Amino acid sequence: MQHTPAYAPQIGGNPQKLVNWLMSVAFLVFLMVIVGGITRLTESGLSITEWKPVTGALPPMNEAQWVSEFEKYKKIPEYLEINGPAGMTLAEFKFIYFWEWAHRLLGRVIGLAFALPFAWFWIKRQMPQGYKGRLLGLLALGALQGTIGWWMVSSGLSQRTDVSHFRLAVHLLTALFIMGGLIWTALDLRTLAQSGIHKPSRLSGFSLTILLILFIQLLFGAWVAGLNAGYVSNSWPLMNGRLYPEGVDWSQGAWFALTHDPFLTHFIHRWWAWVAVAALVIMARRLKKRGARPVSIAIHSAFGTQILLGIATVMTGMNITLAVLHQAVGALVVATTVWGAHRLGSTGGYK
């Protein structure tokens with residue numbers, strides 16, 4: 001049977017342009033994950049107490065505006081219970097404000113970097129058949145992510161001194177899902193650009209299992225960050241001299257301990273990592289057998305670096321540089337795994 005290309009040359013479209021665009025936006029999301037990690041590790045996320053999607057793009061422009069923002073911050077529990085008693089100065093407030101502002105500004109940049117080219121490709125009829133709905137979905141998810149970000153921040157403005165670790169996990173995992181969706185769509189378009197035939201990759205049951213295993217690891221990683229659980233032990237492989245840590249609070253039930261106890265979440269995150277490694281090794285070997293050696297090497301490199309960074313982060317007592325690198329490489333693990341899953345489900349034959 002002859003395949004009919006989904007991409008019609010007379011429309012004047014060029015799928016490779018869309019590939020470059022989507023990969024560029026995916027890179028911006030990757031940067032967003034890094035800046036988000038810095039924001040979390042510097043305890044900067046609650047420094048801006050209002051959500052102003054348009055006017056909030058500008059930081060305070062004079063001393064009076066800075067003082068006004070600082071006064072707003074002084075009303076929330078984080079300042080009243082932690083930073084206020086510690087004697088936070090206006091200069092120190094400006095530092096944490098910068099990272100939260102930069103994080104939100106980058107979110108706005110990503111929105112424009114996606115929405116404006118999307119509109120242009122649509123108007124100019126440069127969008128291949130079958131991709132409008134998927135790209136609209138990514139646009140909507142990106143807009144939702146801004147709302148999720150404020151939903152997360154708002155959890156720490158009234159009764160808590162930090163944000164909900166559940167909402168933090170939703171925010172981080174949504175960002176990684178968007179990045180994965182951008183990469184997957186770009187790879188589909190690359191196949192179209194190379195062959196002229198619409199051959200979208202399919203997510204196999206095997207690849208879905210690998211992604212679910214990775215999802216669990218990422219979920220517990222987000223909870224570890226949200227609960228500050230990385231600080232409960234600075235030794236490896238033992239936790240404070242024991243394989244299974246002392247101090248796990250089971251008094252409120254197993255589910256509460258699993259989702260709230262910093263010792264238990266840290267323990268699970270450090271050992272489930274090896275389940276994820278085993279799964280990724282199996283995936284990489286399968287890819288190598290299919291002739292996709294570059295993907296296999298990328299997956300091995302990403303998870304190998306990530307394991308070393310995770311151990312180093314723990315043993316240095318959560319050194320901020322190592323912790324940020326750990327989050328950054330975690331995003332690369334996601335990117336390479338998505339690449340591998342796409343390759344396993346593809347009939348396009350690329351490597």
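Everything that follows concerns the structure shown earlier in this document.
Residues numbered from 1 in each chain as written. Predicted model: local features only at pLDDT ≥ 70, side-chain atom pairs only at ≥ 80, totals over all residues. Heavy atoms only, no water.

A. Just the side chain of Thr185, in detail. Locating Thr185 in the fold gives a position in helix H6 (residues 165-195). Side chain to side chain, Thr185 and Arg134 meet in a polar contact 3.4 Å long. Sequence-distant contacts of Thr185, defined by excluding residues within four places in its chain, comprise Leu22, Tyr131, Arg134, Leu135 and Leu138. (Helix = DSSP H or I, 4+ residues; strand = E, 2+ residues; numbered from the N terminus. Polar contact = N/O pair within 3.5 Å; in protein donor to acceptor, adjacent residues only side chain to side chain. Contact = heavy atoms within 4.5 Å.)

B. A look at the packing of H6 against helix H7 (residues 205-226). Here H6 crosses H7 at 135 degrees, and the two axes come no closer than 8 Å. Taken together, the axes of H6 and H7 lie oblique to each other. You can see that H6 and H7 cross each other, and the crossing is right-handed. Taking contact as the criterion, the partners of His165, Phe166, Leu168, Ala169, Leu172, Leu173 and Leu176 in H6 are, on H7, Phe215, Leu218, Leu219, Ala222, Trp223, Ala225 and Gly226. (Axes fitted to C-alpha atoms, helices over the stretch in contact; angles between N-to-C directions. Parallel < 35°, antiparallel > 145°, perpendicular 65-115°, else oblique. Left-handed = near helix turned anticlockwise from the far one by under 90°.)

C. The arrangement of a nonpolar patch on the surface in detail. On the surface, a nonpolar cluster with roughly 300 Å² of combined accessible area is contributed by Trp122, Ile123 and Leu136. Mapped onto the secondary structure, Leu136 falls in helix H5 (residues 132-154). Under the relative-accessibility criterion, Leu136 is labelled partly exposed at 37%. (Patch = residues over 30% accessible without salt bridge, like charges linked within 9 Å, V, L, I, M, F, W, Y side chains within 5 Å. Areas by Shrake-Rupley, 256 points an atom, 1.4 Å probe, with all protein chains shown as cover. Salt bridge = Lys/Arg side-chain N within 4 Å of Asp/Glu carboxyl O. Buried < 20%, exposed > 50% of the residue type's maximum accessible area, 1.4 Å probe, protein only.)

Shape descriptors only; they carry no functional weight alone.
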